[in-house]
Amino acid sequence: MPFFFLVDVENGVTPADKEVAEILRREQKKVDGELFPPVILVVNKAESQARRENAIDFYELGIGEPYAISALHGTGTGDMLDVLVDALKKFKSLDTQEEDEADYSIAIVGKPNAGKSTLLNALLGSERAIVSDIPGTTRDAIDSFLNYDGMRIRLIDTAGIRRRGRVEPGVEKYSVIRSMRAIERADVALVMIDAESGISAQDAHIAGYVQDAWKSAVLLVNKWDVIKKDTFTIEEYQNELKVKLTFIDYAPTLFFSALTKQRLSKVLPLAIRVAKEREVRLSTSQVNKFIRDAIDRHPPPNKAGRPPKIYYGTQVRGNPPTFLFHVNDPKMFHFTYKRYLENRLREVYGFIGTPIRIVLRRRSEK
Ligand SMILES: Nc1nc2c(ncn2[C@@H]2O[C@H](COP(=O)(O)OP(=O)(O)OP(=O)(O)O)[C@@H](O)[C@H]2O)c(=O)[nH]1
Ligand SMILES: [Mg+2]
């Protein structure tokens, strides 16, 4: 946030001005060769030419160039505003730098009462967020930071997302918007599922939001402590997840308890692993070797007698991994073949937890 430091040319440089200047200078830090926060020295009451010249005296404050203005007459304010706009632009870039300052951002999302805030507190080892058995306790997405393995991790605890029809206008609606925004800001979303209340349609909705935002996901089945277990319980839950959340079957699953901390220590390593997989970049030769091999194993079926062809491909970006395949005609490829390519990419290269984008583009046959 830029500051205006307003002084009075009529009195000249006073001891009080010097004191304020001293305080401001102490607050400033050098960031990329610029002093931050920026301070704009505004010399007021400079109505006449003589007074405007006297404004130069204020260089002495060590704050930089003095801008002579007359608040009364409005003279000089144009230049002052130009300086302000420049400062705001610089500030904005610093602001986004602050936004990005974590190596990875992880959002904790899920239904109300799933145990999101309990998980946050357990990971931080402090009572940062309020936990209660009343659904809807967390009202706003809150960022916390922790260091893990030399990395700075942003954890975002979010407000529980209820079924759309049940969300009340006002505060709750705002809370849900903030939860969505938290997903947008994250690399990975930990989708908290309350084992006690079972895997619900709402859990699938929330996982769907994460997928639609092209974010990586980990499914965390919480409150495992209260489940009566036998040898098959995990398998039963896993099968149920496979059915109800089949569209996001690439997301790894962890059964744990944020309260008793059973398997809690696995949460962060899994989230970080997933975050890293998201960034994996394959070289063009790897991609083309992959394509040849995938076609050998399972060629795309002919459509209307014409063979679909993939000429070559590249990974155009990571985060999320995005592949561009040049083909003779995108329409000749059934979505199940795209799905096959995606699954094959996962078999060979992992990409655990991340959605994969495959774009088919027409390329004339040469
Ligand atoms: N038995 C058991 N209870 C848990 C566990 N994790 C959380 N709880 C309880 O579940 C209730 C809700 O926990 P919160 O952490 O506030 O849940 P939340 O997901 O943050 O809820 P909202 O902020 O309302 O969306 C509290 O009573 C917790 O003590 C768990 O692993 N096992
Ligand atoms: Mg909460």
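Quick summary incoming for the structure in this document. (Residues numbered from 1 in each chain as written. Chains lettered and ligands numbered in written order. Predicted model: local features only at pLDDT ≥ 70, side-chain atom pairs only at ≥ 80, totals over all residues. Heavy atoms only, no water.)

### Here we look at the overall build of the protein chain
Regarding its fold elements, the protein chain presents 10 helices and 14 strands. Computed over the C-alpha atoms, the radius of gyration of the protein chain is 29 Å, more than 25% above the 21 Å expected from 2.2 N^0.38 for a compact globule of 366 residues. Overall, the protein chain is about 90 × 65 × 40 Å in size when its C-alpha atoms are taken along their principal axes. Considering only contacts in the protein chain between residues 6 or more positions apart, those separated by 24 or more positions represent 70%. Of the roughly 19700 Å² of accessible surface on the protein chain, 52% is carried by carbon and sulfur atoms. (Helix = DSSP H or I, 4+ residues; strand = E, 2+ residues; numbered from the N terminus. Rg over C-alpha atoms; globule rule 2.2 N^0.38 Å. Contact = heavy atoms within 4.5 Å. Areas by Shrake-Rupley, 256 points an atom, 1.4 Å probe, with all protein chains shown as cover.)

### Observations concerning the packing of helix H9 (residues 284–297) against helix H10 (residues 335–349)
The interhelical angle for the contact between H9 and H10, taken along N-to-C directions, is 120°, at an axis separation of 11 Å. Judged by the inter-axis angle, H9 sits oblique to H10. As for how H9 packs across H10, the hand of that crossing is right-handed. Here Gln286, Phe290, Asp293, Ala294, Ile295 and Arg297 of H9 come into contact with H10, specifically with Tyr337, Tyr340, Leu341, Arg344, Leu345, Val348 and Tyr349. Tallied by class, residues from the contact of H9 with H10 come to nine nonpolar, one polar and three charged. (Axes fitted to C-alpha atoms, helices over the stretch in contact; angles between N-to-C directions. Parallel < 35°, antiparallel > 145°, perpendicular 65-115°, else oblique. Left-handed = near helix turned anticlockwise from the far one by under 90°. Nonpolar A, V, L, I, M, F, W, Y, C, P; charged D, E, K, R; others polar.)

### Details of the coordination of the magnesium ion (ligand 2)
Protein coordination of the magnesium ion (ligand 2) is provided by Ser117 (OG) and Thr138 (OG1), with donor distances spanning 1.9 to 2.1 Å. Here Ser117, found in helix H4 (residues 116–124), pairs with Thr138, found in the loop between H4 and strand E7 (142–148); they are 21 residues apart in sequence, far enough to count as distant. No difference in accessibility class separates Ser117 from Thr138, as the two residues are buried. (Donors = N, O, S within 2.8 Å, 3.2 Å for Na, K, Ca; no water. Buried < 20%, exposed > 50% of the residue type's maximum accessible area, 1.4 Å probe, protein only.)

### Here we look at the sheet that holds strand E13 (residues 322–327)
Taken in spatial order, the three strands make up an open sheet running E12-E13-E14, and their pairing is mixed. The sheet is open, and its two borders are formed by strand E12 (310–317) and strand E14 (357–362), each paired with just one other strand. With direction set aside, neighbouring strand axes in the sheet form an average angle of 25°. Bridge count between E13 and E14: six bridges; the pairing is parallel. Across the sheet, residue Val327 finds its bridge partner in E14, namely Arg362. Strands E12 and E13 of the sheet are contacted by H9, whose axis makes an angle of about 135° with E12. (Pairing = 2+ DSSP bridges.)

### Comments concerning the nonpolar core
Core analysis: the biggest nonpolar cluster contains 31 residues, and Val109, Tyr237, Leu241 and Leu245 have the highest contact counts within it. When residues in this core are grouped by element, the largest group, four residues, is from helix H6 (residues 201–212). Ignoring any residue separated from it by four or fewer positions in sequence, one finds Leu241 in contact with Ile193, Ile199, Leu219, Val221, Thr246, Thr253 and Phe255. Counting residues in each nonpolar core, the second largest holds 29 residues, with Leu254, Phe256, Ala258 and Val274 among its members. (Core = buried A, V, L, I, M, F, W, Y, C linked by side-chain atoms within 4.5 Å.)

### Examining the side chain of Asp8
Assignment of secondary structure puts Asp8 in strand E1 (residues 3–8). Reaching out from Asp8, the side chain makes a polar contact with the backbone nitrogen of Glu10 at a distance of 2.8 Å. Engagement of the side chain of Asp8 in a polar contact is seen with the side chain of Lys45, the distance being 2.9 Å. Residues in contact with Asp8, not counting those within four places in the same chain, are Asn44, Lys45 and Phe58. (Polar contact = N/O pair within 3.5 Å; in protein donor to acceptor, adjacent residues only side chain to side chain.)

### What about the pattern of salt bridges?
Applying the stated criterion across every chain, the model contains 19 salt bridges. Measuring nitrogen to oxygen at the nearest pair gives 3.2 Å for the salt bridge that ties Glu60 to Lys18. Of this pair, Glu60 sits in the loop between helix H2 (49–54) and strand E5 (66–68) while Lys18 sits in helix H1 (residues 15–27), and the two are 42 residues apart along the sequence. With a shortest N-O distance of 3.3 Å, Arg344 and Asp293 are connected by a salt bridge. Taken as a pair, Arg344 in helix H10 and Asp293 in helix H9 lie far apart in primary sequence, 51 residues in all. On the basis of relative accessibility, which here comes to 30%, the residue Asp293 falls in the partly exposed class. (Salt bridge = Lys/Arg side-chain N within 4 Å of Asp/Glu carboxyl O.)

### Looking at the sheet that holds E1
Hydrogen bonds between backbone atoms are what pair the strands of a sheet, whose relative direction is either parallel or antiparallel. Ordered by their spatial adjacency, three strands build an open sheet running E1-E4-E5, and the pairing between neighbours is parallel. Here the strands that pair on one side only, and so sit at the sheet edges, are E1 and E5. The mean angle between the axes of side-by-side strands here comes to 30°, regardless of whether they run parallel or antiparallel. Pairing of E1 with strand E4 (residues 39–44), which is carried by six bridges, proceeds in the parallel orientation. Across the sheet, the residue bridging to Phe4 is Ile40, located in E4. Across the sheet, H1 is in contact with E1 and E4; its angle to E1 comes to roughly 165°.

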